[in-house]
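Structural description and commentary
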Amino acid sequence: MESPNMLRRLIVTGSAGLALLLAPLAAASTLVFTAIPDEDETRLQQRFQAVADYLADELEVDVRFIPVTSYAASVTAFRNNQVQLAWFGGFTGVQAREMVPGSRAIAQGVEDPAYKSYFIANHGTGLEPHDGDTAPEGLRDLTFSFGSQSSTSGRLLPEYFLREHLGDSPDELFSRVGFSGNHSRTISVVQSGAYQAGVVSYKAWENELEAGNIDLERVQVIWESPPYPDYQWTVRGDIDERFGDGFTERLQQALLDMDDPELLASFPRAGFIPAENDDYQEILDVARQLELLD
């Protein structure tokens, strides 16, 4: 049997390594779940291993968390039944449910129905915080970094707001557009000056600020987006066939009952509330409008 270090190396190799690792797990009576890699991998492993232990105790089944290297890989793993449960962002959840008919959003954080993005800028730009209802015109012609191409808070809704408020696509608005891969790296590249501005999840900004990873003398929030629905737990529709009738409801209840402050702080969320697919219709509509769904 592979060592934990070997498993990690397989994951890092990409989609081929992921398929090699997860294929035997999917055949076993194990609930396997993943999460979009919105922060660095080490932090994700720490966050979600404790969640796996909690779910195993509550559901009395073997539960394993498998990290993935990209947002797209999380959707692929869900589509291929390599994982049966995922902590998705709004857009990745919509993608996954479109690919796997019958899959359901079952829980979301208390904060997730009204999520938001922070637009940030390096102090060298001279931009000041903007309190208006629309994105600041001062962003025009700067270099700009999104997060992952599939990130709701780091790309999808920010791009929508930029187009709606400033009237141009990102390629027209900015002198150079990049995709950092996750929120932590977006903060890093804007703080360093590699990009003049960018956009991140407000939760990721708060996490990095609390961890001491943000120098407010070098980077600051300049605009807060309008609210929108975001993260959620999505489960495959065929999971009851594997674990027995009523398992989906038991899983949902276990998530709703999660009240350990340390577990909740790892998301971070104040708690979980029920969710359903219709809660994310706005995300589906925006993704179709921007032609981001296959």
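The present account deals with the structure reproduced in this document. Everything numeric in this text was worked out from a predicted model, so none of it was measured.

The rules behind these values
Residues numbered from 1 in each chain as written. Predicted model: local features only at pLDDT ≥ 70, side-chain atom pairs only at ≥ 80, totals over all residues. Heavy atoms only, no water. Axes fitted to C-alpha atoms, helices over the stretch in contact; angles between N-to-C directions. Helix = DSSP H or I, 4+ residues; strand = E, 2+ residues; numbered from the N terminus. Parallel < 35°, antiparallel > 145°, perpendicular 65-115°, else oblique. Left-handed = near helix turned anticlockwise from the far one by under 90°. Contact = heavy atoms within 4.5 Å. Nonpolar A, V, L, I, M, F, W, Y, C, P; charged D, E, K, R; others polar. Phe/Tyr/Trp six-rings, centres within 6.5 Å; stacked < 30°, edge-to-face > 60°. Buried < 20%, exposed > 50% of the residue type's maximum accessible area, 1.4 Å probe, protein only. Lys NZ or Arg CZ within 6 Å of the ring centre and 35° of its normal. Core = buried A, V, L, I, M, F, W, Y, C linked by side-chain atoms within 4.5 Å. Patch = residues over 30% accessible without salt bridge, like charges linked within 9 Å, V, L, I, M, F, W, Y side chains within 5 Å. Areas by Shrake-Rupley, 256 points an atom, 1.4 Å probe, with all protein chains shown as cover. Salt bridge = Lys/Arg side-chain N within 4 Å of Asp/Glu carboxyl O. Lys, Arg positive; Asp, Glu negative; His and termini not counted. Charge placed at Lys NZ, Arg CZ, Asp CG, Glu CD.

Let's talk about the packing of helix α6 (residues 152–166) against helix α13 (residues 281–289)
It is the contact of α6 with α13, at a shortest axis distance of 11 Å, that shows an interaxial angle of 65°. On the basis of the axis angle, α6 is roughly perpendicular to α13. As α6 runs across α13, the sense of the crossing is left-handed. Contact residues: Thr 152, Leu 156, Leu 157, Tyr 160 and Glu 164 in α6; Glu 282, Ile 283, Val 286, Ala 287 and Gln 289 in α13. For the contact of α6 with α13, the per-class residue count stands at six nonpolar, two polar and two charged.

Here's the deal with the packing of aromatic side chains
Going through the model one piece at a time under the given rule, you end up with 25 aromatic pairs. Their ring planes at 65° and their centres at 6.1 Å tell us that Tyr 118 and Tyr 202 sit as a pair that is edge-to-face. Residue Tyr 118 is located in strand β5 (residues 117–122), and its partner Tyr 202 is located in helix α9 (residues 202–210); the two are separated by 84 residues in the primary sequence. Neither residue differs from the other here; Tyr 118 and Tyr 202 are each classed as buried. The ring of Tyr 202 carries the charged tip of Lys 116 above its face, separated from the ring centre by 5.0 Å. The lysine or arginine in question, Arg 176, covers the ring of Tyr 195, its NZ or CZ lying 4.4 Å from the ring centre.

Some words on the nonpolar core
Of all hydrophobic cores here, the largest spans 84 residues; its most connected members are Leu 31, Phe 48, Leu 55, Leu 139, Trp 233 and Leu 251. What Leu 31 contacts, discounting residues up to four positions off in sequence, is Leu 59, Val 61, Asp 62, Val 63, Arg 64, Gln 84, Leu 85, Ile 239, Phe 243, Phe 247 and Leu 251.

Some words on a negative patch on the surface
There is a patch of like negative charges on the surface, built from Asp 53, Asp 57, Glu 58, Glu 60, Asp 257, Asp 259, Asp 260 and Glu 262. It is helix α3 (residues 41–59) that contributes the most residues to the negative patch, three residues altogether. As for its position among the elements, Asp 57 is in helix α3.

A few points about the pattern of salt bridges
Enumeration according to the criterion identifies 11 salt bridges in this entry. When the shortest N-O distance is used, the salt bridge between Glu 249 and Arg 104 registers 3.5 Å. With Glu 249 in helix α11 (residues 247–256) and Arg 104 in strand β4 (residues 104–109), this residue pair connects regions lying 145 residues apart in the sequence. Its relative accessible area of 42% is what places Glu 249 among the partly exposed residues. Of the charged contacts in the structure, one is a salt bridge between Lys 203 and Glu 111, with a shortest N-O distance of 3.9 Å. In this pair, Lys 203 sits in helix α9 while Glu 111 sits in the loop between β4 and β5, placing the two residues 92 residues apart along the sequence.

A short note on the environment of Pro 229
Its location among the elements puts Pro 229 in the loop between β9 (219–224) and β10 (232–235). Taking C-alpha positions, Pro 229 is 7.8 Å from Glu 282, a pair spaced 53 residues apart along the chain. Not counting residues within four places of it along the chain, the set of residues in contact with Pro 229 comprises Asp 112, Pro 113, Thr 152, Asp 279, Tyr 280, Glu 282 and Ile 283.

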